[in-house]
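Chain by chain, the residues:
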Amino acid sequence: MGLTARVLAVDAGNSKTDVAVVAGDGTVLATARGGGFRPQAVGVGSAVDAVAEAVERAFAAAGVSAVDQVSACLANADFPVEEERLAAALDARGWGGAVEVRNDTFALLRAGVPEPRGVAVVCGAGINCVGMRPDGHTARFPAIGRISGDWGGGWGLAEEALWYAARAEDGRGEATELARALPAHFGHATMLALIEALHLEHIAHARRYELTPVLFATAAGGDPVARAIVDRLAREVVAMATVALTRLDLLAEETPVLLGGGVLAARHPQLDDGIRELLAAKAPKAVARVVVASPVLGAALLGLDAIGADREAQERLRGFFTTRPPTPSPGD
């Protein structure tokens, strides 16, 4: 008799969706990758359609049509009402007997710890932080931009660099190498030319994100303005982590603080060192660690938690994602 599919794990971010079908003993029966999940841009129905395409491929590969538990960690699930709405939309697809939806930052956290206990800070396109304890208590932030007090993330860093570079060139701000490096990245000689190209959309809006690595390279070269931006990000990451640890009453216990997302996973020395130094001062018991495991692993582990799977099943699942990443879609 073959293994029975018990968990459908979904990790859906703004740029891609990874799914995995998992047996109760932690064996991965199938994986698939799909497009981005952006319900606020295209509507819940269309966003779930994008997930459905990947789920259907994974189900077909596993030879199943449903599972016991759907564990979905989704971008843009920032408030309980959004989680409830998205859970209802997934439940309507009939993929599983029970559906649990969390913000996608919880996937990173669970992927990096042997039990659901710790804090995770993600800095990719945006920035977010969550924490959880085995008793079910969580700590989180809305993380929807400046209106919720956020600062940082790849998009925010690029815009901050542009702001300082523009003011340096026209005399309103202090001199910075960013005023040369940012336009040079796009083949322009001046910030004025770059500003015009961005404003008239001669450079696609999405390409602004390319300026974040330029910021870090400029900081590594010693530019004081660029270094100050990187230092501010380190303070922001530590502020979020410390607040989450405090809310969960974990400041006095040795607790993992997981760092993930493209900006933090790159381990830029100034940023990485700054985070660890500040964290040691504000939360001496915290243990910082960069997580490189696929977040869909975390979604799958949360699913195994929900069905009461044992530690051996968890380790079997981890072993799969340690040696073999989720199946990429064509063109990835």
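Our structure's up above, just so we're on the same page.
Per chain, residues are indexed from 1 in the order of the written sequence. In keeping with the predicted nature of the model, local features appear solely for residues at pLDDT of at least 70, side-chain atom pairs appear and are counted solely at 80 or more, and the whole-chain, interface and lining totals rest on all residues. As a rule here, side-chain values come from all non-hydrogen atoms in the structure, and water together with hydrogens is ignored.

I'd like a rundown of the pattern of salt bridges, residues and numbers included.
A pairing counts as a salt bridge when a side-chain nitrogen of Lys or Arg comes within 4 Å of a carboxyl oxygen of Asp or Glu. Summed over the entire model, instances satisfying the criterion amount to 19 salt bridges. Between glutamate 159 and arginine 208 there is a salt bridge whose closest N-O contact spans 3.6 Å. In this pair, glutamate 159 is assigned in helix H5 (residues 153-170) and arginine 208 in the loop between helix H7 (191-199) and helix H8 (211-220), connecting sequence segments 49 residues apart. Looking at glutamate 159, the relative accessible area reads 44%, which means it is partly exposed. The rule is simple: take the accessible area with a 1.4 Å probe, protein chains only, and divide by the maximum for that residue type; under 20% is buried, over 50% is exposed, in between is partly exposed. Residue arginine 208 is classed as buried on the basis of its relative accessible area, which comes to 18%. Under the scheme used here, helices are H or I runs from DSSP no shorter than 4 residues and strands are E runs no shorter than 2 residues, and both carry numbers assigned from the N terminus.

Quick rundown of the environment of phenylalanine 59? Include the residues and the values.
Relative to the elements of secondary structure, phenylalanine 59 occurs in helix H2 (residues 44-62). C-alpha separation for the pair phenylalanine 59 and glutamate 196, spaced 137 residues apart in sequence, amounts to 48 Å. Throughout, a contact is declared for two residues whenever any of their heavy atoms are within 4.5 Å. Apart from residues lying up to four places away in sequence, phenylalanine 59 is in contact with Leu8, Val21, Val64, Ser65, Ala66, Val67 and Trp95.

Before we move on, can you summarise H5 with the specific residues and values?
Spanning 18 residues, H5 covers 26 Å between terminal C-alpha atoms, matching the ideal 26 Å at 1.5 Å per step. Residues Gly153, Gly154, Leu157, Ala158, Glu160, Ala161, Leu162, Ala165, Ala166 and Ala168 constitute the buried set of H5. Directly after H5, the chain includes glycine 171, whose backbone phi takes a positive value near 100°. What a helix is expected to span follows from its residue count: subtract one and scale by 1.5 Å.

If you had to explain the side chain of arginine 110 to someone new, which residues and values would you point to?
In this structure, arginine 110 sits in helix H4 (residues 105-111). We define a polar contact as two N or O atoms separated by no more than 3.5 Å, with the added condition that, inside protein, one atom must be a possible hydrogen donor and the other a possible acceptor, whereas residues neighbouring each other in sequence contribute only through side-chain atom pairs. Here the side chain of arginine 110 touches valine 113 through a polar contact of 2.7 Å, landing on its backbone oxygen. Ignoring any residue separated from it by four or fewer positions in sequence, one finds arginine 110 in contact with Glu115, Pro116, Gly298, Leu301, Leu302, Asp305, Gln314 and Arg318.

Got a sec to walk through the pairing of strand E9 (residues 255-260)? Specific residues and values, please.
With respect to burial, E9 is a largely interior element, six of its six residues being buried. The two faces of E9 match: Thr255, Val257 and Leu259 on one face and Pro256, Leu258 and Gly260 on the other face are all buried. Bridging between strand E6 (residues 118-123) and E9 involves four bridges; their strand directions are parallel. Residue pairing for E9: alanine 120 is matched across the bridge by leucine 258. The rule for pairing is simple: two strands pair if DSSP sees at least two bridges between them. Of the pairings in the sheet, the one linking E9 to strand E10 (residues 286-290) comprises five bridges and is parallel in character. Across the sheet, proline 256 pairs through a bridge with valine 287, a residue of E10.

Would you mind going over the nonpolar core in detail, with residue names and values included?
Soluble, globular proteins show a tendency: their nonpolar side chains are buried together. In this structure, Leu178, Leu182, Leu233 and Leu271 are the most contacted members of the largest nonpolar core, which totals 55 residues. For this core, the leading source of residues is helix H9 (residues 224-247), giving 12 residues. Apart from residues lying up to four places away in sequence, leucine 233 is in contact with Cys123, Ile127, Trp151, Gly152, Gly153, Leu157, Phe216, Val263 and Leu271. Put simply, a nonpolar core is a bunch of buried Ala, Val, Leu, Ile, Met, Phe, Trp, Tyr and Cys residues held in one set by side-chain atoms that sit within 4.5 Å of each other.

Give me the lowdown on H7, citing residues and values where you can.
The complete set of buried residues in H7 reads Met191, Leu194, Ala197 and Leu198. The buried residues of H7 occupy an angular sector of 125° when projected down its axis, which confines them to one face. Residues of H7 that are exposed and angled more than 90 degrees away from the buried face: Leu192 and His199. Residues of H7 that are buried in the fold lie against H5 and helix H6 (178-185). A positive backbone phi angle near 60° is found at glutamate 201, which sits one or two residues after H7. This arc corresponds to the set of directions leading from the helix axis out to the C-beta atoms.

Outline the sheet that holds strand E3 (residues 28-34), supporting the account with residue identities and numerical values.
Pairing within the open sheet is mixed, and its five strands lie in the order E3-E2-E1-E4-E5. Each edge of the sheet is formed by a strand with only one pairing partner; in this case those strands are E3 and strand E5 (96-103). Pairs of neighbouring strands in the sheet enclose a mean axial angle of 15°, with direction left out of account. Direction of pairing for strand E1 (residues 5-12) relative to strand E4 (residues 67-74): parallel, over a ladder of six bridges. Residue pairing in the sheet places alanine 12 in a bridge with leucine 74 of E4. Every axis in this analysis is a line fitted to C-alpha atoms, fitted for helices over the stretch in contact. Angles between the N-to-C directions lie between 0 and 180 degrees. Across the sheet, H2 touches E1, strand E2 (17-23), E3 and E4, and the angle it forms with E3 is around 155°. Across the sheet, helix H12 (residues 295-307) touches E1, E2, E4 and E5, and the angle it forms with E1 is around 140°.

Any details on the state of the cysteines? Residues and values, ideally.
A pair of cysteine sulfur atoms is labelled a disulfide when the two atoms are within 2.5 Å. Within the structure shown, the criterion is met by zero disulfides. Unpaired in this structure, cysteine 129 has its nearest cysteine sulfur neighbour in cysteine 123, at a distance of 12 Å. For cysteine 129, a relative accessible area of 0% corresponds to the buried category.

Read these as spatial facts, not as claims about activity.
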